[in-house]
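A look at the structure
Chain by chain, the residues:
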Amino acid sequence: MTWLFISDLHLSPDRPEITAQFETFIESWHGRAGHLYILGDLFEVWLGDDMGGALGERVAAAVHRLHDSGTAVALMHGNRDFLLGRRFAEACGATLLPDPCVREIHGQRVLLSHGDLFCTDDVAYQRMRRVFHQALVQRSFLALPRALRTRFAARLRARSQAEIADKPPEIMDVNAEAVAAALREYGVDCLLHGHTHRPAVHRLELDGAPATRIVLGDWYTQGSALTWDERGYALRGLPRPPAGPNGSGTADPDG
Ligand code: MN
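Reading the values: the criteria
Residues numbered from 1 in each chain as written. Predicted model: local features only at pLDDT ≥ 70, side-chain atom pairs only at ≥ 80, totals over all residues. Heavy atoms only, no water. Disulfide = S-S within 2.5 Å. Buried < 20%, exposed > 50% of the residue type's maximum accessible area, 1.4 Å probe, protein only. Helix = DSSP H or I, 4+ residues; strand = E, 2+ residues; numbered from the N terminus. Pairing = 2+ DSSP bridges. Contact = heavy atoms within 4.5 Å. Expected span 1.5 Å × (residues − 1). Arc of directions from axis to C-beta. 1 Å grid on protein atoms, 1.4 Å probe; cavity = no way out; pocket = protein on both sides within 12 Å on 5 of 7 lines; lining within 4 Å. Points joined across faces, edges and corners; volume = space filled by probe spheres on them. Nonpolar A, V, L, I, M, F, W, Y, C, P; charged D, E, K, R; others polar.

Attention now goes to the state of the cysteines. Per the counting criterion, the structure on display carries 0 disulfides. Summary of cysteine pairing: cysteine 190 is not part of a disulfide, and the nearest cysteine sulfur, belonging to cysteine 101, is at 13 Å. Note on cysteine 190: relative accessible area 1%, which makes it buried.

The structure is reproduced here in structure tokens:
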């Protein structure tokens, strides 16, 4: 039985080629995948389940078809789509996961996370994250009229992009101590996350024993997926099929 892990697709109406590749990808797994885990930032932005639009409906329908083929689908929030709610999850046939959480995958206990939690060097971001993850803040935001939510998000986005331009790249990556602390806290020796857009398998040492940190890639210029079956795991880039007339995606350094 294969487990599939993806993250950081940053789906948006502006990047139809990514949505198309995502649909083709999950369709290719119909009937063959035991689990699909989407570890955050499926969407570039999500301002509420009532604002998912045509893209949200299309994506939910595609995911639900995979679910109908026998795959258990799980959805974790990213920093861009932390307002994904139960209504959207139900439309996908998916369950919503807490961040982080542990799953046993073919005998190995693995800590799953979007990954922004571990970017503790970015103190301003962590402060903002704590505010936006308060239930009252989220409820109040979701109660706003749609036009106001859109305007508010655009303003936040502009501010965050201006701040990111000033930040050295190291502080946008995970902090080694934060990773070690989480591995210890959950009693695991493997962490799997996305967010940083730096796909890799890192071999670490944790208290004298080997540990692993697997990082999923983003989907801006190609896809990225981790497959994990009885023989082990493989992290792969998924070449983008030839683009249509409006072919190319734009890179965005902000996880
Ligand atoms: Mn992210």
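Below, the discussion takes up the pairing of strand E7 (residues 190-193). Side chains of E7 alternate between two faces, with Cys190 and Leu192 and Leu191 and His193 buried alike. Relative to E7, strand E6 (residues 108-113) runs parallel, the two being bridged by 3 bridges. Directly across from serine 113, in E7, lies its bridge partner histidine 193. Bridge count for E7 against strand E9 (residues 209-215) is 4 bridges, and the pairing is parallel. In the strand pairing of E9, leucine 191 is matched with arginine 213.

This brings us to the side chain of arginine 149. Relative to the helices and strands, arginine 149 resides in helix H6 (residues 146-165). The class of arginine 149 is buried, set by a relative accessible area of 3%. With residues up to four places along the chain from it excluded, the contact list for arginine 149 reads Leu47, Gly48, Asp50, Met51, Phe141, Leu142 and Leu144.

With that settled, consider H6. Between its first and last C-alpha atoms H6 spans 29 Å; for 20 residues at 1.5 Å apiece the expected length is 28 Å, and the two agree. Within H6, the full set of buried residues consists of Arg149, Ala153, Ser160 and Ile164. Buried positions in H6, seen along its axis, are confined to an arc of 40° and lie on one side of it. Away from its buried face, by an angle of more than 90 degrees, H6 presents the exposed residues Ala147, Arg151, Arg155, Arg159 and Ala165. In this fold, the buried residues of H6 make contact with helix H5 (135-142).

Our next topic: the layout of surface pockets. Estimates place the volume of the largest pocket at around 1000 Å³. If you trace the largest pocket, you find 41 residues lining it, with Asn79, Arg80, Met128, Arg157 and Ser160 closest to the centre. For the lining of the largest pocket, the secondary-structure elements that each account for two or more residues are helix H4 (123-132), H5 and H6. Per element, the largest residue contribution to the lining of the largest pocket is 10 residues, and it comes from H6. Partitioning the lining of the largest pocket into residue classes produces 22 nonpolar, 9 polar and 10 charged. What the second largest pocket holds in volume is close to 260 Å³. As for the second largest pocket, its lining consists of 19 residues, of which His77, Phe82, Leu84, Leu96 and Gln138 are closest to the centre. Elements that contribute at least two residues to the lining of the second largest pocket include exactly strand E4 (94-97) and H5. Within the lining of the second largest pocket, the residues separate by chemical class into 8 nonpolar, 6 polar and 5 charged.

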